[in-house]
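The chain contents come next:
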Amino acid sequence: MDCSPLQSARYAYAPKLPNILRGSVDKVAAARGPAAEPEADREKLRAAFPKTYGLPSIKLAAGPNEAARRRMNVGVILSGGPAPGGHNVIAGIFDGLKAGNPASRLFGFRGGPGGLVEDKCMEIDAALMDRYRNTGGFDLVGSGRTKIETPEQFEAALATAKRRALDAVVVIGGDDSNTNAALLAEFFAAKGEAIAVAGVPKTIDGDLKNESIETSFGFDTASKLYSELIGNICRDSASGRKYWHFIKLMGRSATHIGLECALQTRPNVAFISEEIEAKAMSLGAVVEEVVASVVARAEKGENFGVALVPEGLVEFVPEFKALMAELNELLAKHEAAFKALKGAAEQREFVRAKLGAASAAVFASLPADIASQLCADRDPHGNVQVSKIETEKLVAQMAEKRLAELAAAGKYKGKFAWQNHFFGYEGRCAFPSNFDADYCYSLGYTAFVLAASGLSGYLSSVRNLTAPASEWEAGGVPLVSMMNMERRHGSDKPVIKKALVELDGAPFKEFAAHRAAWAISSDYRVPGGIQYFGPSELCDRPTATLLLEKGARKGS
Ligand code: FBP
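Draft legend 1. Structural detail: the overall build of the protein. Along the backbone of the protein there are 21 helices and 16 strands. Since a compact globule built from 556 residues should have a radius of gyration of about 24 Å, the 24 Å found for the protein is in line with a globular shape. Taken over the C-alpha atoms alone, the protein extends approximately 80 × 60 × 45 Å along its principal axes. Across the 556 residues in the protein, those meeting the buried criterion constitute 58%.

Dropping the structure here:
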């Protein structure tokens, strides 16, 4: 295979494991802790998950585990958007399995959860595995967003698992995919089948985290890659001195990526959707914040700057949130009629006529392309596909209009030329940073131990992540303990709760303490590219978010 020099070098990288996973696999036991219950909606969740509600949390500790030596067949699914490190999760499962029993087999289901339903299966052997170690992407088996929800789909998934004589299925995914894993674990248990289901916390968005899950994998690499690009743009902006750059950043709901990138690069403006919601800021107020920075910088003769716009922003602005909620219900109810309409203009008019007065006014005020983007298909889990909405352009256009008004009133004398960017897809398949390579391998190895121990309905958990990898702790968190009830596709569904940016958390406070100065200064910070080889302080450093959350870092 003709691969790049970096790819060849990364094949030789040996991911670091926590001490507890470094010895013989049959000397790692799954110690049971107290029963873990969800924070909210307990009765509804207990009713929805009678078999897997209230499971104990698990910590891996030294102790005998004969089950790890049994011959097993395990199936693995990559689900949802790619995130750097997915292949290392599979490598961790593979190596754990083979260390336990060389006759054990690992199967990959192609194209996400749909692959399990349709039995699109391939065996992952040592030669194939070795071609994907420490590489980015999900292309070893492919990914997809199919939601397993109908009784027929659950039966088909079970039929596949039995046909392949699977002892366990590992779902590598985000909140929605792990909700699927929880439903699957419950279904197998209800059928009396001893097929374990384990989840692994994946998503660049960083919003699958809680007390026991310190971060989702992929966030580290993706946010470092975007920070590199943003830092470079900051410097370009300060060099050319003629553009304001509006950069939309991935992160469907939570603004963890935007916040991390802001801490790393110190842009002039960075919006945190969660704050916009908490302060009930209108879109007009959001635009005023950009305008204030543009005007202040123009007074210093600096007609350039950088603004970070989270892709989920529109869903947090109150008037848009109300509009989106109405649109979600309306489009779910009238899907066929809406899709039967040929032209975009006709579709917009159809929607506008069915909205309540306030939302109809907001909808009508939008540029036509943005209004159409808001009506685009929801994903199979009912999420608005915010990556398709050009929010950064909307903000830039509105700022331009407002600045023109100020100029006409003699209150602004600067020049305003803007460029727009969207950083998202380019970060999802990067070579995993050392942090993600190590973390993912450890998560996969842990998922193997959970499955071998016959534990089902757990999310693989590796903690203490700001310490050296040797000191990381491994275990399992019951999936149902992370759930709540949410409105999806027009009805209430049990789903894993998204972790949004906490406004009283250390990362946001750090940002809030500096942003007024950053709005005016051009003292950008240029983080540069991810370093894969070299001193540990360059190569193994976790994100500012993780360091600040764990109290391991002062200052940005
Ligand atoms: P996951 O939650 O599946 O990890 O995906 C996250 C994400 O990258 C979001 O940031 C983005 O909005 C979305 O996927 C894009 O989805 P798609 O790949 O379907 O366009």
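Draft legend 2. Layout of the packing of aromatic side chains. One pass over the structure, following the stated rule, counts 15 aromatic pairs. Note on Phe246 and Phe416: the rings are 6.1 Å apart at their centroids and 80 degrees apart in plane angle, and the pair reads as edge-to-face. Taken as a pair, Phe246 in strand 9 (residues 244-249) and Phe416 in the loop between helix 17 (391-408) and strand 12 (418-423) lie far apart in primary sequence, 170 residues in all. The two residues Phe246 and Phe416 agree in class, both being buried. Look at Phe338 and Phe350: their rings are 6.3 Å apart centre to centre, the planes differ by 50 degrees, and that puts the pair in the tilted class. Placement of Phe338 in helix 13 (residues 335-340) and of Phe350 in helix 14 (residues 344-354) is noted, with a sequence separation of 12 residues between them. Of the two residues examined, Phe338 and Phe350, each falls in the buried class. Feature note: the residues Trp244, Phe246, Phe416 and Trp418 constitute an aromatic cluster, connected by ring pairs. The residue whose ring lies beneath Arg297 is Phe304, and the NZ or CZ to ring-centre distance is 4.9 Å. Here the guanidinium or amino end of Lys354 rests over the ring plane of Phe350, the centre of that ring lying 4.2 Å away.

Draft legend 3. Geometry of the sheet that holds strand 9. Pairing is parallel in the open sheet, where 4 strands are placed in the order 10-11-9-12. Because the sheet does not close on itself, it has two edges, and the strands there are strand 10 (269-270) and strand 12. Lying over the sheet, helix 8 (residues 219-240) contacts strand 9, strand 11 (305-310) and strand 12, oriented at roughly 170 degrees with respect to strand 9. Contacting strand 9, strand 11 and strand 12, helix 17 runs over the sheet at an angle of about 160 degrees to strand 12.

Draft legend 4. Representation of the pairing of strand 2 (residues 56-62). By the bridge criterion, 6 bridges tie strand 1 (residues 28-35) to strand 2 in an arrangement that is antiparallel. Within strand 2, the residue paired with Val28 across the bridge is Ala62. Of the pairings in the sheet, the one linking strand 2 to strand 14 (residues 473-478) comprises 2 bridges and is antiparallel in character. From the neighbouring strand, Ile58 faces strand 14, where its bridge partner is Gly476.

Draft legend 5. Here's a closer look at the environment of Glu274. Its place among the elements puts Glu274 in helix 10 (residues 273-278). According to the relative accessible area criterion, Glu274 is buried, its value standing at 5%. Remark: the alpha-carbon pair of Glu274 and Glu502, spanning 228 residues in sequence, is separated by 7.7 Å. The residues contacting Glu274, other than those within four sequence positions of it, are Ser253, Ala254, Thr255, Phe316, Leu500, Val501 and Leu503.

Draft legend 6. Seen up close, the site of the ligand. As a matter of local geometry, the ligand sits amid 14 residues, with Gly81, Arg145, Asp205, Glu311 and Tyr425 nearest to it. The side chain of Thr203 places a nitrogen or oxygen atom 2.9 Å from an oxygen atom of the ligand. The protein chains hide 87% of the 490 Å² of surface that the ligand would expose on its own.

Draft legend 7. A look at the pattern of salt bridges. According to the stated counting rule, one finds 34 salt bridges in the structure shown. Taking the shortest distance from any N to any O, the salt bridge between Lys498 and Asp175 comes out at 2.6 Å. Taken together, the residues span a long stretch of sequence, with Lys498 in the loop between strand 16 (491-496) and helix 19 (506-520) and Asp175 in helix 7 (residues 175-190) at a distance of 323 residues. Exposure remark for Asp175: the relative accessible area of 5% places this residue in the buried category. Between Glu275 and Arg515 there is a salt bridge, with the nearest N and O atoms lying 2.7 Å from each other. Linking Glu275 in helix 10 with Arg515 in helix 19, this pair joins segments that are 240 residues apart in sequence. Shared partners join several salt bridges into a network, and the residues in it are Glu37, Arg42, Glu43 and Arg46.

Draft legend 8. Here's a closer look at the side chain of Thr446. Looking at the secondary structure, you find Thr446 in helix 18 (residues 434-452). For Thr446, a relative accessible area of 0% corresponds to the buried category. From its side chain, Thr446 meets the backbone oxygen of Ser442 in a polar contact 2.7 Å long. Beyond its immediate stretch of four places on either side in the chain, Thr446 contacts Leu21, Leu60, Ser460, Ser461, Val462, Ala474 and Gly475.

Draft legend 9. Representation of helix 12 (residues 318-333) within the structure. Between its terminal C-alpha atoms helix 12 stretches 23 Å, which fits the 22 Å expected from 16 residues at 1.5 Å a residue. Buried residues of helix 12: Phe320, Leu323, Met324, Leu327, Leu330 and Leu331, and no others. Angularly, the buried residues of helix 12 cover 135 degrees about the axis, an arc narrow enough to put them on a single face.

Draft legend 10. Structural detail: the side chain of Lys202. Along the chain, the position of Lys202 falls in the loop between strand 8 (196-201) and helix 8. The side chain of Lys202 sits in the buried core without any salt bridge; Asp175 is the nearest counter-charge, 7.8 Å away. For Lys202, the contacting residues outside a window of four places in its chain are Ser79, Gly80, Gly81, Ala83, Phe138, Ile172, Gly173, Gly174, Leu208, Ser216 and Phe217.

Draft legend 11. The arrangement of helix 9 (residues 256-265) in detail. In terms of residue burial, helix 9 counts as a mostly covered element, since 10 of its 10 residues are buried. Packing partners of the buried residues in helix 9 comprise helix 8, strand 9, strand 10, strand 11, helix 19 and helix 21 (544-549). Directly beyond the C-terminal end of helix 9, a positive phi value near 60 degrees is found at Arg266.

What counts, and where the lines are drawn
Note that residues are indexed from 1 along each chain, following the sequence as it is written. The predicted origin of the model limits local features to residues at a pLDDT of at least 70 and limits the giving and counting of side-chain atom pairs to 80 or more, whereas totals for whole chains, interfaces and linings rest on all residues. Hydrogens and water molecules were not included; the side-chain quantities draw on all heavy atoms of the structure. Runs of E in the DSSP output that reach at least two residues are strands. Runs of H or I that reach at least four are helices, and both are numbered from the N terminus. For a compact globule the rule gives 2.2 Å times the number of residues to the power 0.38, and the radius of gyration it is set against comes from C-alpha atoms. Think of it in three bands: residues with accessible area under 20% of the maximum for their type are buried, residues over 50% are exposed, and the middle band is partly exposed, with areas taken using a 1.4 Å probe on protein chains only. The aromatic pairing rule takes the rings of Phe, Tyr and Trp, using the six-membered ring of Trp, and pairs them if the centres are within 6.5 Å, calling planes under 30 degrees apart stacked, those over 60 edge-to-face and the rest tilted. Two conditions define a charge sitting above a ring: the NZ of Lys or the CZ of Arg must be within 6 Å of the ring centre, and it must be within 35 degrees of the ring normal. Pairing between strands is defined by DSSP: at least two bridges between the two strands are required. Any two residues whose heavy atoms approach within 4.5 Å are treated as being in contact. As a rule, the C-alpha atoms of each element are fitted with a line to give its axis, helices using only the stretch in contact, and angles between N-to-C directions run from 0 to 180 degrees. Any residue with a heavy atom lying within 4 Å of a molecule or strand is counted as near it. Counting of polar contacts relies on pairs of N or O atoms within 3.5 Å, with two restrictions inside protein: one atom must be capable of donating a hydrogen and the other of accepting it, and residues adjacent in sequence are counted only when both atoms are side-chain atoms. Exposure was quantified through the Shrake-Rupley algorithm and a 1.4 Å probe, taking into account, for residues, occlusion by the shown protein chains and nothing else. A pairing counts as a salt bridge when a side-chain nitrogen of Lys or Arg comes within 4 Å of a carboxyl oxygen of Asp or Glu. Here, expected helix span is obtained from the residue count minus one, scaled by 1.5 Å. Arc, as used here, means the arc of the directions from the helix axis to the C-beta atoms. In this charge count, Lys and Arg are treated as positive and Asp and Glu as negative; neither His nor the chain ends contribute.

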